[in-house]
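One letter stands for each residue in the lines below.
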Amino acid sequence: MTLALEINDVGLILAADGELLVEEPGYAMLDGPEPETGAAAARRARLKPLFVETRHWQDLGTTVLARPMPAATTYAEVAHAQLASRVRPHVARDAEVLLAVPAWYTRQQLALLLGVAQETGLRPVGLVDAARASAALEPAPESLLQLELALHRGVLTVLDHGGELRRTRFELLPQHGWLALQQAWLNRIAAAFVRKTRFDPLHEAASEQSLWDGLPQWLVALERDSTVEITMEAAGVRHAVELSREDFAAAANGIYGGFVQALQRARAAVGPLHLRLSHRLAGLPGLDERLAELRDCETIRLPRGAAALGALAYERALRRDPGSLTLVQRLPVPLRSGATRAAAPAAVVPAGDRPTHVVYSSRVWRIAGEPLVVGSAVPGGRRALTLEAGPGISRVHCTLARGEDGVWLEDLSTYGTLLNGERVRGRVAVRTGDRLRIGQPGIECELVRVVDGDGAA
């Protein structure tokens, strides 16, 4: 039987036959003769913060730990301890395993991972990028983005379908990981306790750990309820506060904003944005609302353990050469029915919602068949909306033009044009009420529709 191991420090996942066998967080406590790892270590992380280790999977290597101990002096040794104690007991000796690995792993880290797995008693037979494996569970569009969450960072992977599913690039989002989200929520909860009761749960390690342990159940409760009651005991006194889904969303808003900005930067110049969202992000309070701000975005939530399950589904592709083991760069994922590489997006704005004018500084300019050129130094002979020169404003920045199939904005700038807060790439259809922002901090224009007495534009 072949198994698949998904390397993600929020939760290492072992799967076989389409079932998840193990899920353990990438924690280690280094306060004893042997490392304590996984969920047991996480339950003591706030009690002994100087002895907790959470970077051994992210920074897998032979760097000596800040607090070495006889049984584990490097990240690699801590990773070995976690595999040996939390994964190895669930599988037979020399079990064949497919490894779904993070996008940022170097050749040296991949080689070290293979060695650690073999020392644990596992026999790696295939390597694949985790994002690619996650997105391979169903037919893919011609381009898609996959958003994942690790302990210390978010990871955005850009994939496309050029006959096979391949990764074109990825972006790391430091300080946008699971630990940052948890800390933001803990701070919001603690502030609520202080305001209502004068009790600060972050003042004592035991109460801080209690909050940390309670977060998962409160997040689950907020998926079905609009509020959650949080209670704590201190010195024989019971304290309680009630927080809403909006409170949790507000606490995480800065991190969510980073996700949205990264998605805006990475989306294709034309067509809708196809997003695959890791189960580690799905259901977080307020995230769906922030993602809804993205223009023409289709979001699909991936199942738990998607990378491990995807690796198993494409086992044959991962076992390419029995004599060698290399990171698989492409997977033969079917192209989704109807997906094509269109040269330009189809108009989706009804005729009655198409703007007729653009408003800037209390003046209006008509949008006609001849493009209206917006910029700081538009060449003579062209219809122009001239802006004062400033940071982030190109001489010829963008155009607005009316066609038979819609009203179109085309970005021609070096710096980018924001449409309703989202960076435009290439040419996109616009509608009445849309707002353009140009420059840094920028000027704003509004698209409006002017009609005569009988309602005709």
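Rules behind the numbers
- Residues numbered from 1 in each chain as written.
- Predicted model: local features only at pLDDT ≥ 70, side-chain atom pairs only at ≥ 80, totals over all residues.
- Heavy atoms only, no water.
- Pairing = 2+ DSSP bridges.
- Helix = DSSP H or I, 4+ residues; strand = E, 2+ residues; numbered from the N terminus.
- Contact = heavy atoms within 4.5 Å.
- Axes fitted to C-alpha atoms, helices over the stretch in contact; angles between N-to-C directions.
- Buried < 20%, exposed > 50% of the residue type's maximum accessible area, 1.4 Å probe, protein only.
- 1 Å grid on protein atoms, 1.4 Å probe; cavity = no way out; pocket = protein on both sides within 12 Å on 5 of 7 lines; lining within 4 Å.
- Points joined across faces, edges and corners; volume = space filled by probe spheres on them.
- Nonpolar A, V, L, I, M, F, W, Y, C, P; charged D, E, K, R; others polar.
- Phe/Tyr/Trp six-rings, centres within 6.5 Å; stacked < 30°, edge-to-face > 60°.
- Lys NZ or Arg CZ within 6 Å of the ring centre and 35° of its normal.
- Parallel < 35°, antiparallel > 145°, perpendicular 65-115°, else oblique.
- Left-handed = near helix turned anticlockwise from the far one by under 90°.

Q: I would appreciate a short explanation of the sheet that holds strand 2 (residues 12–16) in the present structure.
A: For sheets, the rule is that strands pair by backbone hydrogen bonds, running either parallel or antiparallel. The six strands are arranged 3-2-1-9-10-18 in an open sheet whose pairing can be described as mixed. Two strands lie at the open edges of the sheet, namely strand 3 (19–24) and strand 18 (327–328), each paired on one side alone. In terms of strand pairing, strand 1 (residues 3–6) meets strand 9 (residues 95–101) through four bridges, oriented parallel. Residue pairing for strand 9: L3 is matched across the bridge by V97. Sitting on the sheet, helix 3 (residues 107–120) is in contact with strand 9, strand 10 (122–129) and strand 18, with an inclination near 150° to strand 10.

Q: I tried to follow the environment of P174 on my own but got confused; where do I start?
A: Structurally, P174 can be placed in strand 13 (residues 165–174). Since its relative accessible area comes to 53%, P174 is described here as exposed. In the structure, P174 is positioned 35 residues away from P139 in sequence and 31 Å away in space, judged by C-alpha atoms. Setting aside residues up to four positions removed in sequence, P174 forms contacts with H152 and R153.

Q: What exactly am I supposed to notice about unusual backbone geometry here?
A: Trans peptide bonds make up the majority, and among non-glycine residues the majority have a negative phi. With omega at -5°, the peptide bond leading from Q440 into P441 counts as cis. The topology assignment puts P441 in the loop between strand 29 (435–438) and strand 30 (443–448). You will see that S361, though not glycine, has its phi angle at about 55°, which is positive. Along the chain, S361 turns up in the loop between strand 20 (357–360) and strand 21 (363–366).

Q: Please explain helix 10 (residues 306–313) as it appears in this structure.
A: Helical periodicity: at 3.6 residues per turn, an α-helix aligns residues three or four positions apart in one direction. Most of helix 10 is tucked away: seven of the eight residues are buried. Residues of helix 10 that are buried include every one of A306, A307, A308, L309, G310, A311 and L312, and no others.

Q: Mind showing me how you'd approach the layout of surface pockets here?
A: A water-sized probe rolled over the atoms picks out the places where empty space is left. The calculated volume of the largest pocket comes to roughly 740 Å³. For the largest pocket, the lining is made up of 25 residues, of which V10, W178, Q182, P216 and R304 are closest to its centre. Only strand 3, helix 1 (39–42), helix 5 (178–197) and helix 6 (205–224) provide two or more residues apiece to the lining of the largest pocket. By residue number, the principal contributor to the lining of the largest pocket is helix 6, which donates six residues. Of the residues belonging to the lining of the largest pocket, the class tally is 14 nonpolar, four polar and seven charged.

Q: Help me out: how do you make sense of the packing of aromatic side chains in this one?
A: The geometry of an aromatic ring pair is captured by the separation of the ring centres together with the interplanar angle, meaning the angle of the planes. Within the structure shown, the criterion is met by four aromatic pairs. With a centroid separation of 6.3 Å and an interplanar angle of 80°, the aromatic rings of W104 and Y105 are classed as edge-to-face. Judged by its relative accessible area of 8%, Y105 falls in the buried class. Of the aromatic side chains, those joined through ring pairs into one cluster are W178, W185 and F248. For the cation-ring pair, R67 lies above F51, with the distance from its terminal atom to the ring centre recorded as 5.0 Å.

Q: Explanation requested: the packing of helix 2 (residues 75–87) against helix 3 in the structure shown.
A: When two helices pack together, their arrangement is given by the angle between their axes and by how far apart the axes lie. For the pair helix 2 and helix 3, interaxial distance at closest approach is 9 Å and the crossing angle is 40°. In this view, helix 2 runs oblique relative to helix 3, as classed from their interaxial angle. Viewed along their axes, helix 2 and helix 3 form a crossing whose handedness is right-handed. Between helix 2 and helix 3, the residues in contact are A76, A79, H80, L83 and A84 and L112, V116, A117, E119 and T120, respectively. By residue class, the composition of the contact of helix 2 with helix 3 is seven nonpolar, two polar and one charged.

Q: Please clarify how empty space enclosed by the protein should be interpreted in this entry.
A: Under the criterion given, the structure shown has two cavities of 30 Å³ or more. Considered as a void within the structure, the largest cavity measures approximately 210 Å³ in volume. Along its surface, the largest cavity is lined by 22 residues, and N8, P102, W104, A130 and E148 are the ones closest to its centre. By residue number, the principal contributor to the lining of the largest cavity is helix 4 (residues 130–134), which donates three residues. Of the residues that constitute the lining of the largest cavity, the class distribution is twelve nonpolar, five polar and five charged. Approximately 40 Å³ is the volume attributed to the second largest cavity. Taken together, E6, S134, Q146, E148, S278, H279, R280, L302, P303, G305, A306 and A307 make up the lining of the second largest cavity. Sorting the residues of the lining of the second largest cavity by element identifies strand 11 (143–149) and helix 10 as the ones contributing at least two each. Grouping the constituent residues of the lining of the second largest cavity by class yields four nonpolar, five polar and three charged.

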